[in-house]
Amino acid sequence: MTRLDIDWTRCDGHGLCAELLPHRITRDDWGFPIISPAPASAKELKRAVTVCPALALRLTRS
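As the structure is a prediction and not an experimental result, all values here were calculated from the model. (Residues numbered from 1 in each chain as written. Predicted model: local features only at pLDDT ≥ 70, side-chain atom pairs only at ≥ 80, totals over all residues. Heavy atoms only, no water.)

Here's the deal with the side chain of Arg24
Threshold: Each helix corresponds to a stretch of at least 4 residues labelled H or I by DSSP, and each strand to a stretch of at least 2 residues labelled E; elements are numbered beginning at the N terminus. Note on exposure labels: buried denotes an accessible area under 20% of the residue type's maximum, exposed denotes more than 50%, and partly exposed covers the range between, all computed with a 1.4 Å probe on protein chains only. Residues counted as positive are Lys and Arg, residues counted as negative are Asp and Glu, and His and the chain ends are not counted. Throughout this description, the term salt bridge denotes a Lys or Arg side-chain nitrogen within 4 Å of a carboxyl oxygen of Asp or Glu. In the analysis that follows, any N or O atom pair within 3.5 Å is treated as a polar contact, provided that within protein one partner can donate a hydrogen and the other can accept it, and provided that, for residues neighboring in sequence, both atoms belong to side chains.
Relative to the helices and strands, Arg24 is located in the loop between helix H1 (16-20) and strand E2 (25-27). Although Arg24 is buried, it makes no salt bridge; Glu44 carries the closest opposite charge, 7.5 Å away. Of note is the side chain of Arg24, whose polar atom sits 2.9 Å from the backbone oxygen of Ala38.

Digging into unusual backbone geometry
If you check the backbone angles, Leu55 has positive phi at about 55° while not being a glycine. One can find Leu55 in the loop between helix H2 (42-51) and strand E4 (57-61). Taking relative accessible area as the criterion, Leu55 reaches 56% and is therefore assigned exposed.

Digging into the pattern of salt bridges
When their charged atoms lie close together, side chains carrying opposite charge are able to pair. Tallied over the entire structure, the rule returns two salt bridges. For the salt bridge of Arg3 with Asp5, the shortest nitrogen-to-oxygen distance reads 3.0 Å. Of the residues examined, Asp5 reaches a relative accessible area of 13% and is grouped as buried. One salt bridge connects Arg10 with Asp7, and the closest N-O pair in it is separated by 3.7 Å.

Structure follows, in structure tokens:
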């Protein structure tokens, strides 16, 4: 199983990940991502990781 993780030291709260995965990621009051356990395809997850401007997202196997 692939899991989406956030490196909080890199995240700047740009919100691009929430735009790409609105069914999986919402934003808190300061713009930082909140990941829900909703399913997402591997393609969607890889795209979000690839386009993150802060390189804060990564996929891990659990």
